[in-house]
Amino acid sequence: MFDLETGVQNWRRRMERRSSLSAREVDELEDHLRARIDLELELDAGLVPAQAFAVARDDIGEATTLSREFAKAGTPRWRKVLVAGWAMFATSFFLPAFGTNLFGHQSWDSGYQVVWDILSDGAVPFMLPNLGMLLTLGLLRDPRPRGRRIERILKVAGWAGIGTGLLGLWILVRTMQSAGSGIFMVGIGYWVWTVSLICMAAALRARTRELVSAEPKKVTA
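Summarised in this report is the structure supplied together with it. (Residues numbered from 1 in each chain as written. Predicted model: local features only at pLDDT ≥ 70, side-chain atom pairs only at ≥ 80, totals over all residues. Heavy atoms only, no water.)

### Considerations on the pairing of strand E1 (residues 96–102)
Relative to strand E2 (residues 105–110), E1 runs antiparallel, the two sharing six bridges. Each bridged residue has a counterpart across the sheet, and for Thr100 the counterpart in E2 is Ser107. As defined by bridge partners, E1 adjoins strand E3 (residues 185–186) across two bridges and the pair is classed as antiparallel. Counted as the bridge partner of Gly99 is Met185 from E3. (Pairing = 2+ DSSP bridges. Helix = DSSP H or I, 4+ residues; strand = E, 2+ residues; numbered from the N terminus.)

Listed below in structure tokens is the structure:
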């Protein structure tokens, strides 16, 4: 015998497995499916639940078609922020990050040169923010509200990086005032890198909030 609730739950699992829809989007479709089933049963007293379910299911459509339609409707804001963060992060490796100014002669190291020097010196802990950025790639297709630890790492590293950069600028100004030349300089690549970490942390926070709010609430007796 057909059980309506079991049928709806099986339909939901197929949607989650066969489509790229988020949990919130599947929730919206499930609400629409249930409302359409109730409407069909109300309009036609001769329908049994299995028939009403079939009509509502066919009306909503297939998972692949729905994925395309939701994609056309727009991208979640956190994904746009995430893409922007990754674009800045990648760009920062090709921009001047740190430099020296000795007796009027400036020398700059790009971001990827700085990373290579850090790895060559064995200072692996300083690569933790970059590792956190790489781990965000595994969260793009993960429907679970994960990534809080990565978010904290990136947020702390980003704001600490900005504080360190401002300290470096202050030292540079004081050195130039006293000695006429700056010893240590912070380049645009460094600033782009730090902002990318904060941007990514904001994207992960927005993603977690969206997925948590989409989870079904537990009803206590």
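The structure having been displayed, the exposition proceeds.
### A closer look at the pattern of salt bridges
In a structure, side chains of opposite charge can pair up when their charged atoms sit close to one another. All told, the structure shown has seven salt bridges when counted by the stated rule. In this structure, Arg12 engages Asp27 in a salt bridge whose closest nitrogen and oxygen atoms are separated by 2.7 Å. Taken together, the residues Arg12 in helix H1 (residues 4–18) and Asp27 in helix H2 (residues 23–43) connect sequence positions 15 residues apart. The pair formed by Arg12 and Asp27 is uniform in burial state, with each residue classed as buried. One salt-bridge network, in which partners are shared between bridges, spans Glu5, Arg12, Asp27, Glu30 and Arg34. (Salt bridge = Lys/Arg side-chain N within 4 Å of Asp/Glu carboxyl O. Buried < 20%, exposed > 50% of the residue type's maximum accessible area, 1.4 Å probe, protein only.)

### Looking at H2
Spanning 21 residues, H2 covers 30 Å between terminal C-alpha atoms, matching the ideal 30 Å at 1.5 Å per step. All of the buried residues in H2 are Ala23, Glu25, Val26, Asp27, Leu29, Glu30, Leu33, Ile37 and Glu40. (Expected span 1.5 Å × (residues − 1).)

### What about the nonpolar core?
Core analysis: the biggest nonpolar cluster contains 18 residues, and Leu82, Trp86, Phe89, Met133, Leu154, Leu197 and Met200 have the highest contact counts within it. Counting residues per element, the ones that place at least two in this core are helix H5 (77–92), helix H8 (148–179) and helix H9 (188–214). If one sorts the elements of this core by residue count, H9 sits on top with six residues. Core analysis: the next-biggest nonpolar cluster, separate from the first, contains 11 residues, Val8, Trp11, Ile37 and Ile60 among them. (Core = buried A, V, L, I, M, F, W, Y, C linked by side-chain atoms within 4.5 Å.)

### Some remarks on the packing of H1 against helix H3 (residues 49–60)
Axis separation between H1 and H3 bottoms out at 10 Å; the angle between their running directions is 20°. As the angle between them shows, H1 and H3 are arranged roughly parallel. The two elements H1 and H3 meet at a crossing, and its hand is right-handed. Contacts between H1 and H3 involve Leu4, Gly7, Val8 and Trp11 from the former and Pro49, Phe53, Arg57 and Ile60 from the latter. Class assignment of the residues belonging to the contact of H1 with H3 gives a composition of six nonpolar, one polar and one charged. (Axes fitted to C-alpha atoms, helices over the stretch in contact; angles between N-to-C directions. Parallel < 35°, antiparallel > 145°, perpendicular 65-115°, else oblique. Left-handed = near helix turned anticlockwise from the far one by under 90°. Contact = heavy atoms within 4.5 Å. Nonpolar A, V, L, I, M, F, W, Y, C, P; charged D, E, K, R; others polar.)

### Structural notes on the packing of aromatic side chains
Scanning all chains against the criterion turns up six aromatic pairs. Between Tyr190 and Trp191 the ring centres are 5.6 Å apart and the planes differ by 80°, which places this aromatic pair in the edge-to-face class. What links up through ring pairs into an aromatic cluster is the set Phe98, Tyr190, Trp191 and Trp193. (Phe/Tyr/Trp six-rings, centres within 6.5 Å; stacked < 30°, edge-to-face > 60°.)

### Digging into the side chain of Glu40
Its location among the elements puts Glu40 in helix H2. In this structure the side chain of Glu40 is engaged in a polar contact, spanning 2.8 Å, whose partner is the side chain of Arg36. If we skip the residues at most four places from it in the chain, Glu40 touches Leu47, Ala52 and Val55. (Polar contact = N/O pair within 3.5 Å; in protein donor to acceptor, adjacent residues only side chain to side chain.)

### Things to note about the layout of surface pockets
One simple way to see leftover space: roll a probe sized like a water molecule over the atoms. Each pocket or cavity is described by its volume, and for the second largest pocket that value is around 460 Å³. Along the walls of the second largest pocket sit 21 residues, with Phe98, Ile118, Phe126, Tyr190 and Trp193 positioned nearest its centre. Elements with a minimum of two residues in the lining of the second largest pocket: E1, helix H6 (111–120), helix H7 (128–135), H8 and H9. For the lining of the second largest pocket, the residue count by class is 15 nonpolar, six polar and no charged. (1 Å grid on protein atoms, 1.4 Å probe; cavity = no way out; pocket = protein on both sides within 12 Å on 5 of 7 lines; lining within 4 Å. Points joined across faces, edges and corners; volume = space filled by probe spheres on them.)

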